[in-house]
Protein chains: 2
Amino acid sequence: MTASVFIGTSVDGFIARPNGDLDFLPEGGGEPHGYQEFIASVDAIVIGHKTFETVLAYPAWPYGEKRVVVLSSRPVDFSAVRGGVVEQMGGPPAEIVSQLAVRGIHHVYVDGGITIQGFLRAGAIQRLIITRVPVLIGEGIPLFGTLPRDIRLHHVATRHYPSGLVQSEYLVVA
Amino acid sequence: MTASVFIGTSVDGFIARPNGDLDFLPEGGGEPHGYQEFIASVDAIVIGHKTFETVLAYPAWPYGEKRVVVLSSRPVDFSAVRGGVVEQMGGPPAEIVSQLAVRGIHHVYVDGGITIQGFLRAGAIQRLIITRVPVLIGEGIPLFGTLPRDIRLHHVATRHYPSGLVQSEYLVVA
């Protein structure tokens, strides 16, 4: 099982403004930078309760037919989901990973700040694809959080785009 | 006058551990990644009091014959500097920049976390060269701090190196 992160941040490392706003990201997500190819390669998406609520407010369900797992210890109301495949799970990252592996899932996309941080802290992320948007916003929701120990990374590739997006792909060194 | 930053950070944006330790950087600074060329292009180096003290503890004065300006509102003891050209200045970044420009300085290297943040906040940085070391350290002294407003960046170039260093160069969009 591989768990991957695919996320955009400001150059100073924020994935959203303090209020969750994403207005510093380029309109429409910027030029194509591999998201479609990435999402096509995953079997399931794991998000937190907060990201789920954010995504529910979008005009359309963004994950298509992909299986979406919402992590929450409290009951989650899925009645507003239209056309998506959604379920709830709870427990520590290692347990979530085991449950998904048992179901034959090979590649999971871990999304949302709190969820990414929790999975990284638990050593449950194998791959990071970080796209830096050329702006400093000064404050907001950080991509990274504290860790029990250093996580060494292996640099796989870096690509840059005419709009100034710089995307680096890393594998976590076990 | 151009003020540039040339600095290494962890992928999670720290320039040092909480205690100032730099042990997460590659030994000897990693493979050559443009520092010699950069330092040769500057006329003066502006650092804070804290960076000055750190540098004093190095086995040799690292700035050669370059003019080094130490920012401090309190008197700084320069008696331990051997062979360096050092002076003290105080005041807000814009004033420092004016003083340096009057002396015919065209390109200044701004170094040290607090000084970089202060100059960025004051809009006194024109160029950023950030080299990301492939590791997450979880906590430490951050490169970036809060800002009065967004700083838009223009991506100039990104280079990567066999050891996994990824260096991006940006100009501040005025």
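Residues numbered from 1 in each chain as written. Chains lettered and ligands numbered in written order. Predicted model: local features only at pLDDT ≥ 70, side-chain atom pairs only at ≥ 80, totals over all residues. Heavy atoms only, no water.

1. Some details on the overall build of chain A
Across its full length, chain A carries four helices and 11 strands. Whereas a compact globule of 174 residues would reach a radius of gyration of roughly 16 Å, chain A reaches 16 Å, a difference of no more than 12%. Expressed as lengths along the three principal axes of its C-alpha atoms, the size of chain A is roughly 40 × 40 × 30 Å. In chain A, which comprises 174 residues, the share counted as buried stands at 50%. Here the analysis covers contacts within chain A between residues at least 6 apart in sequence; of these, 64% occur between residues at least 24 apart. For chain A, the exposed area adds up to about 8,200 Å²; of that, 55% sits on carbon and sulfur atoms. Within chain A, one finds 13 positive and 16 negative side-chain charges whose respective centroids are separated by 6 Å. (Helix = DSSP H or I, 4+ residues; strand = E, 2+ residues; numbered from the N terminus. Rg over C-alpha atoms; globule rule 2.2 N^0.38 Å. Buried < 20%, exposed > 50% of the residue type's maximum accessible area, 1.4 Å probe, protein only. Contact = heavy atoms within 4.5 Å. Areas by Shrake-Rupley, 256 points an atom, 1.4 Å probe, with all protein chains shown as cover. Lys, Arg positive; Asp, Glu negative; His and termini not counted. Charge placed at Lys NZ, Arg CZ, Asp CG, Glu CD.)

2. Considering empty space enclosed by the protein
Following the criterion strictly, the structure yields two cavities of 30 Å³ or more and no others. Empty space within the largest cavity amounts to approximately 130 Å³. Ile130(A), Arg132(A), Val166(A), Ser168(A), Tyr170(A), Ile130(B), Arg132(B), Val166(B), Gln167(B), Ser168(B) and Tyr170(B) are the residues that line the largest cavity. Mapped onto the lining of the largest cavity, the elements with two or more residues apiece are β7 (127-133) and β11 (166-172) of chain A together with β7 (127-133) and β11 (166-172) of chain B. Sort the elements by how many residues they give to the lining of the largest cavity and β11(B) lands first, with four residues. Taken as a whole, the second largest cavity encloses approximately 30 Å³ of empty space. (1 Å grid on protein atoms, 1.4 Å probe; cavity = no way out; pocket = protein on both sides within 12 Å on 5 of 7 lines; lining within 4 Å. Points joined across faces, edges and corners; volume = space filled by probe spheres on them.)

3. As for the sheet that holds strand β4 (residues 67-71) of chain A
Taken in spatial order, the nine strands make up an open sheet running β5(A)-β4(A)-β3(A)-β6(A)-β1(A)-β7(A)-β11(A)-β10(A)-β8(B), and their pairing is mixed. Edge positions in the open sheet fall to β5 (85-89) of chain A together with β8 (135-136) of chain B, since each of these has one partner strand only. Bridge count for β4(A) against β5(A) is five bridges, and the pairing is parallel. From the neighbouring strand, Leu71(A) faces β5(A), where its bridge partner is Met89(A). Sitting on the sheet, helix α2 (residues 49-56) of chain A touches β3 (44-48), β4, β5 and β6 (107-111) of chain A, and the angle it makes with β3(A) is about 105°. The sheet strands contacting helix α3 (residues 93-102) of chain A are β3, β4, β5 and β6 of chain A, and the helix crosses β5(A) at an angle near 135°. (Pairing = 2+ DSSP bridges. Axes fitted to C-alpha atoms, helices over the stretch in contact; angles between N-to-C directions.)

4. Here we look at the pairing of strand β4 (residues 67-71) of chain B
All names here are of chain B. Counting buried positions along β4 yields four of five residues, so the element is predominantly enclosed. Here strand β3 (residues 44-48) pairs with β4 via five bridges, running parallel. Bridged to Val-46 within β4 is Val-69. Once you follow β3 into helix α2 (residues 49-56) and on to β4, the crossover reads as right-handed. (Right-handed = clockwise from strand over helix to strand, strands pointing away.)

5. What to know about the sheet that holds β7(B)
Remark on secondary structure: sheet strands pair via backbone hydrogen bonds, oriented parallel or antiparallel. Reading across from one edge, β8(A)-β10(B)-β11(B)-β7(B)-β1(B)-β6(B)-β3(B)-β4(B)-β5(B) is the order of the nine strands in this open sheet, with mixed pairing throughout. Two strands in the sheet have a free side with no partner beyond their single neighbour: β8 (135-136) of chain A together with β5 (85-89) of chain B. Alignment of strand β10 (residues 151-160) of chain B against β11(B), held across seven bridges, turns out to be antiparallel. Bridging from a neighbouring strand, Thr158(B) pairs with Ser168(B) of β11(B). Against the sheet, helix α3 (residues 93-102) of chain B contacts β3, β4, β5 and β6 (107-111) of chain B, and its axis sits at roughly 135° relative to β5(B). Packed on one face of the sheet, helix α4 (residues 113-121) of chain B meets β8 of chain A together with β1 (2-10), β3, β4, β6, β7 and β10 of chain B and runs near 120° to β6(B).

6. Points about the interface of chain A and chain B
In this assembly, 27 residues from chain A lie in contact with 27 residues from chain B. Both faces combined, the contact of chain A with chain B buries some 2,300 Å², and carbon together with sulfur accounts for 63% of it. Three residues, Val11(A), Leu136(A) and Asp150(A), lead the burial of chain A against chain B; their summed loss comes to 24% of the area buried on that side. Scanning the region where chain A abuts chain B turns up two salt bridges. Close ionic contact of Asp150(B) with Arg17(A) constitutes a salt bridge, the shortest N to O distance being 2.7 Å. Inspection of the chain A/chain B interface yields eight residue pairs in polar contact (both at pLDDT 80 or more). (Buried area = accessible area lost by both parts, 1.4 Å probe. Salt bridge = Lys/Arg side-chain N within 4 Å of Asp/Glu carboxyl O. Polar contact = N/O pair within 3.5 Å; in protein donor to acceptor, adjacent residues only side chain to side chain.)

7. Quick notes on α2(B)
Residues and elements named next belong to chain B. Listing the buried residues of α2 in full gives His-49, Thr-51, Phe-52 and Val-55. The buried residues of α2 occupy an angular sector of 160° when the element is viewed end-on, so they sit on one face. Packed against the buried residues of α2 are β3, β4, β5 and β6. (Arc of directions from axis to C-beta.)

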